[in-house]
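Structural characterization, general
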Amino acid sequence: MATARSRKKTEAPNQELIDDLKTWSRENGSTNDALVSELITDLEQMKDLASWASLPTIELLPPINSSKADRKITAANRIAIIRNILVFVPVALTWIAVSKATDAFGAYTAANKSSVVNFLEFWQNGYGVLASEWTIGHVAFLDFAIISAVIVLSLTVSFMEIQHKKILSTEVAQRENERMALGIRIHKYLETKKVSTPEVVNANVSASVRNLLATSKELAKTSKELSKDIKKVYR
């Protein structure tokens, strides 16, 4: 019992706010942010709070970092790079195959001058001169496989970009609302720690006077309308 009481006494009066700020900074990856660390330290030690109160607290909190969204778009960009490279592979592969088939066809016709062979037929069959991996059927199959992979990668990139936008519109928006709510709580707490300097007093007095004048105008307007209504009743 004594230990629990002593713990309560040593806790800062704003301990819940400090814990929420620590949790938020940890989830947002801002634990190493200099301003956040300094603010937490000053809140724990209850020092320099008047100085913090003069600053725009919400703007001091770092912007939202979504590691999940960042990982998603990073992976999508890498896949897109691979896809863009693969787009040119079928063209390069086909031209290499044409070069190999042309050289082999030239060697074949030189060795068999009496035979009449069509180039496409030679490219398809090879006739023992052209390696099977460079025949037109094999190269066409490889081109088809690569183009299919490009299509799959394109669909994957599109899907990941949609997921990235979805994360930004839901998770990041929700965490941004949490950031704003936390900033407002910190601001309200720090407002109570402001030092009553002549400038602050004058500003508060001016605000009160403006509010009083506005209220007086509304009361005068309401009174006039009420008088008109009363006169209509007694006519």
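Note: the structure precedes this text.
Because the structure is predicted, anything quoted here is derived from the model rather than measured.

Moving on, we get to the pattern of salt bridges. Tallied over the entire structure, the rule returns three salt bridges. Between Asp20 and Arg185 there is a salt bridge whose closest N-O contact spans 2.8 Å. With Asp20 in helix H2 (residues 15-27) and Arg185 in helix H8 (residues 136-191), this residue pair connects regions lying 165 residues apart in the sequence. Judged by relative accessible area, Arg185 falls into the partly exposed class, the value being 36%. Between Glu176 and Arg179 there is a salt bridge whose closest N-O contact spans 2.9 Å. One end of the pair is Glu176 and the other is Arg179, both in helix H8 and three residues apart, which spans about a single turn. Among the residues examined, Glu176 registers a relative accessible area of 26% and is labelled partly exposed.

Nonpolar side chains in soluble globular proteins tend to end up buried together. In terms of nonpolar packing, the biggest core is built from 19 residues, with Leu21, Leu39, Leu43, Leu182, Ile186, Tyr189 and Leu190 touching the most fellow members. The set of elements that each furnish at least two residues to this core consists of H2, helix H3 (34-45), helix H4 (49-53) and H8. Of all the elements, H8 adds the most residues to this core, at five residues. If you look at the next biggest cluster of nonpolar residues, it comprises 12 residues, including Leu93, Tyr108, Phe122 and Ile146.

We now examine unusual backbone geometry. Positive phi values are uncommon outside glycine, yet Met46 reaches one of about 55°. The residue Met46 is located in the loop between H3 and H4 in this model. With a phi close to 55°, Asp48 is a non-glycine residue in the positive phi region. In this fold, Asp48 is placed in the loop between H3 and H4. Overall, the relative accessible area of 47% leaves Asp48 in the partly exposed class.

What counts and what doesn't
- Residues numbered from 1 in each chain as written.
- Predicted model: local features only at pLDDT ≥ 70, side-chain atom pairs only at ≥ 80, totals over all residues.
- Heavy atoms only, no water.
- Salt bridge = Lys/Arg side-chain N within 4 Å of Asp/Glu carboxyl O.
- Helix = DSSP H or I, 4+ residues; strand = E, 2+ residues; numbered from the N terminus.
- Buried < 20%, exposed > 50% of the residue type's maximum accessible area, 1.4 Å probe, protein only.
- Core = buried A, V, L, I, M, F, W, Y, C linked by side-chain atoms within 4.5 Å.

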